[in-house]
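Take a look at the letters that make up each chain.
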Amino acid sequence: MTTPTRDQVRRAPKVLLHDHLDGGLRPATVLELAGECGHALPDGITDAAELGRWFAAAADSGSLVRYLETFDHTVGVMQTAAALTRVARECVEDLADDGVVYAEVRYAPEQHVEGGLSLDEVVAAVQTGFDEGSAGRRIVVRQLLTAMRHQARSNEIAELAVAWRDRGVAGFDIAGAEAGHPPTRHLDAFEYLQRENAHFTIHAGEAFGLPSIWQAIQWCGADRLGHGVRIVDDITVDEDGEVRLGRLAAYVRDTRIPLEMCPASNVQTGAAASIAEHPIGLLTRLRFRVTVNTDNRLMSQTSMTEEMWSLVEAFDYTLDDLRWFTINAMKSAFLPFDERLALIDEVIKPGYAALSSR
Ligand SMILES: O=c1[nH]cnc2c1ncn2[C@H]1C[C@H](O)[C@@H](CO)O1
Ligand SMILES: [Zn+2]
């Protein structure tokens, strides 16, 4: 099968499991909201294109901690119900325009209460935006509620996720600086979610290695891994090409634990040297349950089309490979099985078939 064109990649149905609401604002929206609420933007920037470049350059730091500092300027303008609803609506519009047919979008409700909103009001405001953005568009969107790993509100956020499970929230996550903040700090929250038959993913194996992935899976019971790139530290490839998996890597592959890989973000934070050297190439070859994601579209100046296109260029992936990533992601979604199946059979497979036959 031949290499797809960029336009084919854009038109292909795509599934996104790892995208931060506060990492995907339009630069023009950040500017407008900052003006409305009096938030001081860096270097006094007043031009949208310049602001977009500032985010990308500041995030291009080689360090997750410095990368995360840029979120002060998105979270800072998302402190009212109206702002949250607008950002959520525009997020869905942008994803749908990019050919995304199913998305799970995450953010940390505890970071949006500085203006006096309750946690419930934050989730409601985001849901209103998702409902408005999805109306009349070919996209299904769910929320994932994130707790910040350096804070101590994970129990509350886990309860919030369960309370909203039938109203647009599909699961839970923890994010933030990884080194020094192991997932086991939030064990109570994960055990509560397991007792509630709820779903969760954990950012692990991005800025810290195997111990973080091991804890996330074997102590906390994560359904999926956010990033998980460092699982390659448990894989050796000999000079003659023979591959050996350590016990943890074998467990992840054998049990089909989905890896939410975010190549552009990993290059910015230094988790990978370049797209061509990104472990997604090896992990795909070894048939781990790999999915492709954006992480933060604003900071990485990326989109699902861009992520997939960069992989096509680096690894010569075909439409069949992109379809495989997409079906992997849909199978791994925190959506009921019958709804996942319907999207695979009625949207994704026909969408790829139509592309290939042209
Ligand atoms: O790649 C990431 N790793 C860890 N934390 C992250 C990443 N991208 C965004 N975050 C943080 C910053 C946001 O404010 C928070 C909730 O979306 O999640
Ligand atoms: Zn992330």
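See the structure shown above.
Residues numbered from 1 in each chain as written. Chains lettered and ligands numbered in written order. Predicted model: local features only at pLDDT ≥ 70, side-chain atom pairs only at ≥ 80, totals over all residues. Heavy atoms only, no water.

A.B. asks: Tell me about the overall build of the protein, and please be specific about residues and values.
C.D. replies: For the protein, the helix and strand inventory stands at 16 helices and 10 strands. For 358 residues, the compact-globule estimate of 2.2 N^0.38 gives 21 Å, and the C-alpha radius of gyration of the protein, at 19 Å, lies within 12% of that figure. The dimensions of the protein, computed from C-alpha atoms along their principal axes, are 60 × 50 × 45 Å. Taking contacts inside the protein between residues at least 6 apart in sequence as the whole, the part at least 24 apart equals 75%. Entry remark: accessible area of the protein is about 14,100 Å², with carbon and sulfur atoms responsible for 48%. Charged side chains in the protein number 34 positive and 53 negative. The centres of these two groups are separated by 6 Å. (Helix = DSSP H or I, 4+ residues; strand = E, 2+ residues; numbered from the N terminus. Rg over C-alpha atoms; globule rule 2.2 N^0.38 Å. Contact = heavy atoms within 4.5 Å. Areas by Shrake-Rupley, 256 points an atom, 1.4 Å probe, with all protein chains shown as cover. Lys, Arg positive; Asp, Glu negative; His and termini not counted. Charge placed at Lys NZ, Arg CZ, Asp CG, Glu CD.)

A.B. asks: Quick one: what's the story with the coordination of the zinc ion (ligand 2), residue by residue and with numbers?
C.D. replies: Surrounding the zinc ion (ligand 2) are the protein donor atoms His18 (NE2), His20 (NE2), His203 (NE2) and Asp295 (OD), which sit 2.1 to 2.2 Å from the metal. Taken together, the 4 donor atoms coordinating the zinc ion (ligand 2) span angles of 85 to 171 degrees at the metal, a pattern that classifies the geometry as irregular. Motif for the zinc ion (ligand 2), donor spacing along one chain: H-x1-H-x182-H-x91-D. With His18 in strand β1 (residues 14–20) and Asp295 in the loop between β10 (290–292) and α14 (304–315), this pair connects stretches of sequence that are 277 residues apart. For the pair formed by His18 and Asp295, the shared burial category is buried. (Donors = N, O, S within 2.8 Å, 3.2 Å for Na, K, Ca; no water. Tetrahedral: all angles 85-135°; square planar, octahedral: opposite > 155°, others 65-115°. Buried < 20%, exposed > 50% of the residue type's maximum accessible area, 1.4 Å probe, protein only.)

A.B. asks: How would you sum up the sheet that holds strand β2 (residues 100–107)? Please name residues and give values.
C.D. replies: Within the open sheet, the 4 strands sit side by side as β1-β2-β3-β4. Their pairing is parallel. The open sheet is flanked by β1 and β4 (169–175), the only strands paired with a single partner. Direction aside, neighbouring strands of the sheet carry axes that sit 20 degrees apart on average. Where β1 meets β2, 5 bridges bridge the pair, whose relative direction is parallel. Across the sheet, the residue bridging to Val15 is Tyr102, located in β2. Of the strands in this sheet, β1, β2 and β3 (140–148) touch helix α6 (residues 81–97), which is tilted by about 145 degrees from β2. (Pairing = 2+ DSSP bridges. Axes fitted to C-alpha atoms, helices over the stretch in contact; angles between N-to-C directions.)

A.B. asks: Give me helix α8 (residues 154–163): which residues, what numbers.
C.D. replies: Every buried residue belonging to α8 is among Ser154, Ile157, Ala158, Leu160, Ala161 and Val162, and all of these are buried. Lining the buried residues of α8 we find α7 (119–134), β3, β4 and α9 (187–195).

A.B. asks: Break down unusual backbone geometry for me, citing the residues and quoting the values.
C.D. replies: Unusually for a residue other than glycine, Asp43 sits at a positive phi of about 55 degrees. Positionally, Asp43 belongs in the loop between α2 (27–37) and α3 (48–59). The class of Asp43 is exposed, set by a relative accessible area of 70%. One non-glycine residue with positive phi stands out, namely Asp316, at about 60 degrees. Checked against the element boundaries, Asp316 lands in the loop between α14 and α15 (319–332).

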